[in-house]
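Inside the fold
Each chain is listed here by its residues.
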Amino acid sequence: MSYYFAGLNKFSCNVIHTQWKPTISNCILLNRREARNLSRTRKTFKRHHNTTSNGQINQMLNQLPLYASGEIVRGFGRGSKELGIPTANFPLEVVKSLPESLLTGVYYGWANVDNGSVHKMVLSVGWNPFYNNTEKSVETHMLHEFNCDLYGQLLKICIVGYLRPEKSFDSLEALITAIKVDIEQAKTHLDTPENKKLQEATFFAKNPSECECK
Ligand SMILES: Cc1cc2nc3c(=O)[nH]c(=O)nc-3n(C[C@H](O)[C@H](O)[C@H](O)COP(=O)(O)O)c2cc1C
Ligand SMILES: Nc1ncnc2c1ncn2[C@@H]1O[C@H](COP(=O)(O)OP(=O)(O)O)[C@@H](O)[C@H]1O
């Protein structure tokens, strides 16, 4: 079988790729189908960001899956009240610690809170052009109903794939519709066997030191 490689960066977790192929470090092995998916994502990305160079696109996509964690802090409170789509926000230091090559836009992946069950998620990275935010934010909406708020708890995310760039919209309804489409796309992408594997990542377990995270 032919293999293709996607590099990981310092935010990634060793155990993910060592489970798959212990002899090769800092790489993910992709089979032909996965490599085709990556190439398709690259083309979608290029269509949306036609000013972005191939180098930038490759750099961004090659670092996925990308892992991050931090305490959940307050945002503007619009997610629940205006959109009906609550988003758990990372503090500024976590936002700043993410690689600059992670371009702004909408992503999908996996997330858990305080080492609990791992849920599908959609993620917004950027300045929310519809609201013209002045501060960059990284906001996670988990596809799960929580019966309490999560402020102060530990959020861990694994960013798996890219969906689209951030946009401004003519109305709040248009923004909500776009996010609902993102959610449906995320559900489908995360159901593929290669993406489902990442839900089991040791990164999400209680004691991260057990997974040799870098
Ligand atoms: C999947 C997803 C896609 C989003 N896409 C956009 C977008 O295209 N443009 C935008 O201005 N904001 C976008 N947002 C961000 C929302 O505007 C933001 O989450 C909302 O304003 C709540 O912010 P708050 O947590 O500060 O209250 C997106 C959020 C999510 C979860
Ligand atoms: N499914 C969910 N995904 C993300 N956050 C959720 C979810 N359900 C409840 N929450 C809670 O709602 C908060 C987000 O609501 P939101 O109105 O966007 O407020 P904020 O602007 O303070 O982030 C999260 O910080 C979390 O405490």
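Structure shown above.
We now turn to the structure provided with this report. The numbers attached to residues start from 1 for each chain and follow its sequence in the written order. Labels follow written order: the first chain is A, the first ligand is 1, and so on. Confidence filtering applies because this is a predicted model: local features only for residues at pLDDT of at least 70, side-chain atom pairs given and counted only at 80 or more, and all residues used for totals across whole chains, interfaces and linings. Heavy atoms from the whole structure form the basis of all side-chain values; hydrogens and water molecules are not counted.

**Some points on the nonpolar core**
Rules: In plain words, nonpolar cores are sets of buried Ala, Val, Leu, Ile, Met, Phe, Trp, Tyr and Cys residues tied together by side-chain atoms within 4.5 Å. Burial here depends on accessible area, computed with a 1.4 Å probe over protein chains only, as a share of the maximum for the residue type. Under 20% is buried, over 50% is exposed, and the range in between is partly exposed. The secondary structure listing takes helices from DSSP runs of H or I that are at least 4 residues long and strands from runs of E that are at least 2 residues long, numbered from the N terminus.
Among the nonpolar cores identified, the biggest contains 28 residues, and Y107, L155 and I157 are the most heavily contacted of them. Put simply, the parts of the chain that give this core at least two residues each are α3 (54-62), β3 (66-71), α5 (92-97), β5 (105-113), β6 (119-126), β7 (137-142) and β8 (154-164). It is β8 that provides the largest number of residues to this core, a total of 4 residues. Grouped together as the second largest cluster of nonpolar side chains are 24 residues, I85, W110, I176 and F203 included.

**Some remarks on the side chain of S101**
The condition is simple: It only takes one pair of heavy atoms within 4.5 Å for two residues to be counted as in contact.
By the element assignment, S101 lies in the loop between α5 and β5. Owing to a relative accessible area of 17%, S101 belongs among the buried residues under this scheme. Leave out the neighbours within four places in its chain, and S101 touches Q59, M60 and Q63.

**Description of the site of ligand 2**
Here is the rule we go by: Nearness is judged by heavy atoms alone; a residue qualifies as near a molecule or strand once a single heavy atom is within 4 Å of it. What qualifies as a polar contact is a pair of N or O atoms within 3.5 Å, subject to a donor-acceptor requirement within protein and to the restriction that residues adjacent in sequence count only when both atoms come from side chains. In these tables, accessible area is a Shrake-Rupley quantity obtained with a 1.4 Å probe, and a residue counts as shielded only by the protein chains included in the view. Throughout, the protein atoms alone are placed on a 1 Å grid, and a set of points is a cavity if a 1.4 Å probe fits but cannot get out or a pocket if it is open with protein on both sides within 12 Å along at least five of seven lines; lining residues have an atom within 4 Å of a point. Cavities and pockets are treated as containing a molecule whenever more than half of the molecule's atoms lie within 2 Å of their grid points. Charged residues are taken to be Asp, Glu, Lys and Arg, nonpolar residues to be Ala, Val, Leu, Ile, Met, Phe, Trp, Tyr, Cys and Pro, and polar residues to be all remaining types, Gly included.
Neighbouring residues of ligand 2: 19 residues in total, closest G75, G77, S80, L150 and Y151. In the model, an oxygen atom of ligand 2 is placed 2.9 Å from a nitrogen or oxygen of the T87 main chain. Between ligand 2 and the protein, one listed contact pairs a nitrogen atom with a backbone N or O atom of H144 at 2.9 Å. Compared with its free state, where it exposes 550 Å², ligand 2 has 92% of that area covered by protein. Applying the majority rule of atoms within 2 Å of the grid points places ligand 2 in the largest pocket. Ranked by the residues each element gives to the shell around ligand 2, the list is headed by β7, at 3 residues. For the shell around ligand 2, the residue count by class is 8 nonpolar, 9 polar and 2 charged.

**Remarks on the site of ligand 1**
Surrounding ligand 1, one finds 23 residues, the nearest of these being R78, F130, E139, R164 and K167. One nitrogen or oxygen atom from the main chain of F76 is found 3.0 Å from an oxygen atom belonging to ligand 1. A distance of 2.8 Å separates an oxygen atom of ligand 1 from a polar backbone atom of F130. Given that more than half its atoms are within 2 Å of the pocket grid, ligand 1 belongs to the largest pocket. Elements with a minimum of two residues in the shell around ligand 1: α4 (78-83), β6 and α6 (172-190). Its residues placed into classes, the shell around ligand 1 shows 10 nonpolar, 7 polar and 6 charged.

Just geometry here; none of it tells us what the structure is for.
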